[in-house]
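A closer look at the structure
Residues per chain, in single letters:
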Amino acid sequence: MEKFSSLARFKSSCPFLGGTKTSTLRALSSTISPRFSSISQLTERAASCPIMGPALVMRSTQMVAGYASVAGQADVQKIHHSKGIFPGTSVSEADISKCPHASAARAAARMADDLAAASTAKASEVKKEIPSTAREAAAAGCPFHRAAAAAKEQPVKLPDMTETQATPTTSDAYNYDKFYAAELEKKHKDQSYRYFNNINRLATKFPIAHTASVKEEVQVWCANDYLGMGNNPVVLETMHRALDKYGAGAGGTRNIAGNSAMHLGLERELATLHRKEAALVFSSCYVANDATLSTLGSKLPGCVYFSDASNHASMIQGIRHSGAKKEIFKHNDLDDLEAKLKKYPKETPKIIAFESVYSMCGSIGPIKEICDLAEKYGAQTFLDEVHAVGLYGPRGAGVAEHLDWESHQLAGQSSEPIKDSVMDRIDMITGTLGKAYGAVGGYVAGSRDFIDMIRSYAPGFIFTTSLPPATVAGARASVIYQKHHVGDRALKQVNVRTVKERFAALDIPVVPGPSHIVPVLVGDAGLTKAASDKLLREHGIYVQAINFPTVAVGEERLRVTVTPRHTAEQIDGLITAMDTVFTELNINRISDWTKLGGRANVGTGKENVEPIWSNAQINTAGQSQTLHDGDMVLVDANAAQVVRKSFEDLLGPMELSETESIQKKVEAVVMTGAVEHIAGPLPKKVKARAPVNPIDMSVATTIAVSA
Ligand code: PLP
């Protein structure tokens, strides 16, 4: 206990201690490290700390030297002799364990060696400087340390395979451990080493999560479950039904037993969403981007990629893996793109790869203008709508749909392309099922032959187990629900505007942009991490720090994501907490950046960017009202009904009495099906609201399903 209360004193100065529950620290301190048998997991972590690590190594080395210095003394020898130990050139195991001095000395020597190895940040230097503390002590004349050193040089075979395999047995073998340590050291040095927070988002309490301790709850303000679809009752209900019918896994690749009606149904749904001929589902959009771009670029003869400088890693890797030539154009810079396109003859195959919403700065790609350039120079367009699907457009198809809102609204749920619309002019669209749709998976949509070619050639599609049917069903339910219900994404925009306006009123810098992303500029890696830690520790607010290489050095930020499910009270809490942390850590505000000449478009007079969602578009959802603590969350009855209908062929109809009205049926099914699964309180009454879906207004009610 005493130990922990003294550790608690350092909670405010140490980000690790500060961000870790006392119970976790206790558990770590009482569990032996799986890699180093002489130290606890807590000590192992401390050893990799740039401050604690060297101090621990030095202290344990001093202890070993202390033992060595007394080992040869006459009175210690007397103790040895009295215990029947007469150490000569060799010391037996029995001798060592008989003698308290010898066994303590050997334990200290082992710990010193373990600490030196665990101190990954400095491991390469430590090993050079302190080859073995046990050997050093042996050289100082201690027979027991001689034995310990010898034991170290001929290690007993440990059951831990990773350690025994990684430890070189001959001096000329490659030193893998040294390599790993050096790579990690680079990460620590440039402050890009990633610390993952233990966050367990609770389906019944969105946006609340518990931390490593199930009793400690925090508000999540950075998840990409942008709409809370990860716990939508109709999605969960569909997943439960599919799981019960089809089991846990897909059973194979799409080629071998893993190609089900659920997969085909999702692909049809996605093709319709983007009004394209076909779509192909992958295990994630990282894989979709990588597999599509690498396959395309390696197949198209002499292909040249034109890639936006801010493109996501998945596109960068895909282009790299294709081996095709690439030109990187400045972020959203049409002049630079055109200058690069001009360099190649029109007949050269070209692909312009870009995003609609750039997730770290919140900017939006000039999609229409890029299509114009593509036409002019004979290029194809590849648009990543990962941070836009589910969130933009009357059916949630993304920014390309949003730009022609009225014509898409008029066309309703038809799968036919709208000629000359922006979405129609894009050749390939990729999206994720893991963010606004709350599930997992990715996809590409395009022409039938293009999709068939990727299906036939892309290793990332062919040689991997396909997604489980229940997951695919949940993703499709989510896509259908959002296609028929605009209310969630409209309310999200309302809340995003509120948060941006309130930050601006407090001079808190947000990187300006027209999208739903709220990047709060901090401008320093250490400070961003400290701010994130403080928000979590002192205010129960989780916003992940975003550092290099995700953003440029000096543009580090806290990327806040606001959902339609954050309540007015939670928004108040976020604003107050951020303001307090900015003051306490003396973080630059907008006015400070202005004096410094601006950073990341903050303090440069470019703050007032028009949001891409107009008031009229928001109003198509009726009156979007921010929730208050304790409010019931509404599920759209019409959208829920369409989801159920869409799965009737595979999962069967929901069992209802023939005499019930349509509205009663929907209500009953929501209540008895989905709500049961999320264990929320059953709704007492159906709330009638203004029409929520501008496309299909046949059923215009919503149902409250959980608090
Ligand atoms: N594209 C962009 C722009 C992304 O930000 C991400 C993920 O964060 C991906 C692709 C990968 O998507 P997924 O999470 O489905 O792998």
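Residues numbered from 1 in each chain as written. Predicted model: local features only at pLDDT ≥ 70, side-chain atom pairs only at ≥ 80, totals over all residues. Heavy atoms only, no water.

1. Quick notes on the side chain of Arg 559
What counts here: Strands here mean DSSP runs of E at least two residues long; helices mean DSSP runs of H or I at least four residues long; both are numbered from the N terminus. Per-residue accessibility, obtained with a 1.4 Å probe over protein chains only, is compared with the maximum for each type, and a residue is labelled buried under 20%, exposed over 50%, and partly exposed between these values. Charge convention: Lys and Arg are scored as positive, Asp and Glu as negative, and His as well as the terminal groups of each chain are ignored. Every case where a carboxyl oxygen of Asp or Glu lies within 4 Å of a side-chain nitrogen of Lys or Arg is listed as a salt bridge. As used in this structure description, the phrase polar contact means that two N or O atoms lie within 3.5 Å; if the pair is within protein, one of them must be able to donate a hydrogen and the other to accept it, and residues adjacent in sequence are counted only when both atoms belong to side chains.
Mapped onto the elements of the fold, Arg 559 is located in strand S14 (residues 557-560). One buried charged residue, Arg 559, remains without a salt bridge, the closest side chain of opposite sign being Glu 355 at 9.3 Å. There is a polar contact of 3.1 Å between the side chain of Arg 559 and the side chain of Asn 224. Within the structure, the side chain of Arg 559 is placed 2.7 Å from the backbone oxygen of Ser 359, a separation counted as a polar contact.

2. Details of the site of the ligand
Operational definition: It suffices for a single heavy atom of a residue to lie within 4 Å of a molecule or strand for the residue to be listed as near it. Only the protein chains shown count as cover for residues, with accessible areas throughout obtained via the Shrake-Rupley method and a probe of 1.4 Å. In this classification, Asp, Glu, Lys and Arg are treated as charged, Ala, Val, Leu, Ile, Met, Phe, Trp, Tyr, Cys and Pro as nonpolar, and every other residue, Gly included, as polar.
What surrounds the ligand is a group of 13 residues, the closest being Cys 285, Asp 384, His 387, Thr 432 and Lys 435. Here Thr 432 contributes a side-chain N or O atom positioned 2.7 Å from an oxygen atom of the ligand. Taken by itself the ligand offers 390 Å² of open surface, and the protein chains cover 83% of this. At 3 residues, helix H16 (residues 285-299) tops the list of elements feeding residues into the shell around the ligand. The class makeup of the residues in the shell around the ligand is 3 nonpolar, 7 polar and 3 charged.

3. Examining the pairing of strand S4 (residues 278-282)
Condition: Being paired, for any two strands, means DSSP has found at least two bridges between them.
Among the 5 residues that make up S4, 5 are buried, leaving the element largely enclosed by the rest of the structure. Burial of the side chains of S4 extends over both faces: Ala 278, Leu 280 and Phe 282 are buried on one face and Ala 279 and Val 281 on the other. Examined bridge by bridge, S4 and strand S10 (residues 442-446) share 5 bridges and lie antiparallel to one another. Within S10, the position partnered with Leu 280 by the bridge is Val 444.

4. Examining the environment of Arg 241
Selection criterion: Contacts: residue pairs with any heavy atoms within 4.5 Å of one another.
Structurally, Arg 241 can be placed in helix H14 (residues 233-246). Ignoring anything within four residues of it in the chain, the contact list for Arg 241 reads Leu 651, Gly 652, Pro 653 and Met 654.

5. Details of the confidence of the model for the protein chain
Under the convention used in this document: The predictor's confidence in any single residue is recorded as pLDDT, a number from 0 to 100.
Summarising the model, the protein chain shows a mean pLDDT of 84, and 77% of its residues fall at 70 or more. Contacts for the low-pLDDT stretch residues 657-702, under 50 throughout, to residues beyond four places or in other chains number 101 contacts.

6. Considerations on the sheet that holds S14
Read across the sheet, 3 strands follow the order S11-S14-S13 without closing on themselves; strand pairing throughout is antiparallel. Edge positions in the sheet fall to strand S11 (518-521) and strand S13 (545-546), since each has one partner strand and no second. Of the strand pairs in this sheet, S13 and S14 are connected by 2 bridges, and their pairing is antiparallel. Its bridge partner lying in S14, Ala 545 is registered against Leu 558.

7. Considerations on the side chain of Ser 322
By the element assignment, Ser 322 lies in helix H17 (residues 313-322). Classification of Ser 322 by relative accessible area gives buried; the value is 8%. Of note is the side chain of Ser 322, whose polar atom sits 2.6 Å from the backbone oxygen of Ile 319. Apart from residues no more than four positions distant in its own chain, Ser 322 is found in contact with Leu 293, Ser 294, Gly 297, Ser 298 and Tyr 305.

8. A word on the nonpolar core
Rules: Throughout this description, the term nonpolar core refers to a set of buried Ala, Val, Leu, Ile, Met, Phe, Trp, Tyr and Cys residues connected via side-chain atoms within 4.5 Å.
Within the largest apolar cluster, 80 residues are counted, with the highest numbers of intra-cluster contacts made by Leu 270 and Ile 352. If you tally residues by element for this core, the top one is helix H25 (residues 469-483), at 8 residues. Those residues in contact with Ile 352, other than ones at most four positions away along the chain, are Phe 306, Phe 329, Leu 337, Leu 341, Ile 370, Ala 374, Ala 379, Gln 380, Thr 381 and Phe 382. Formed by 31 residues, the second largest nonpolar core is a distinct cluster that contains Val 220, Trp 221, Ala 531 and Ile 541.

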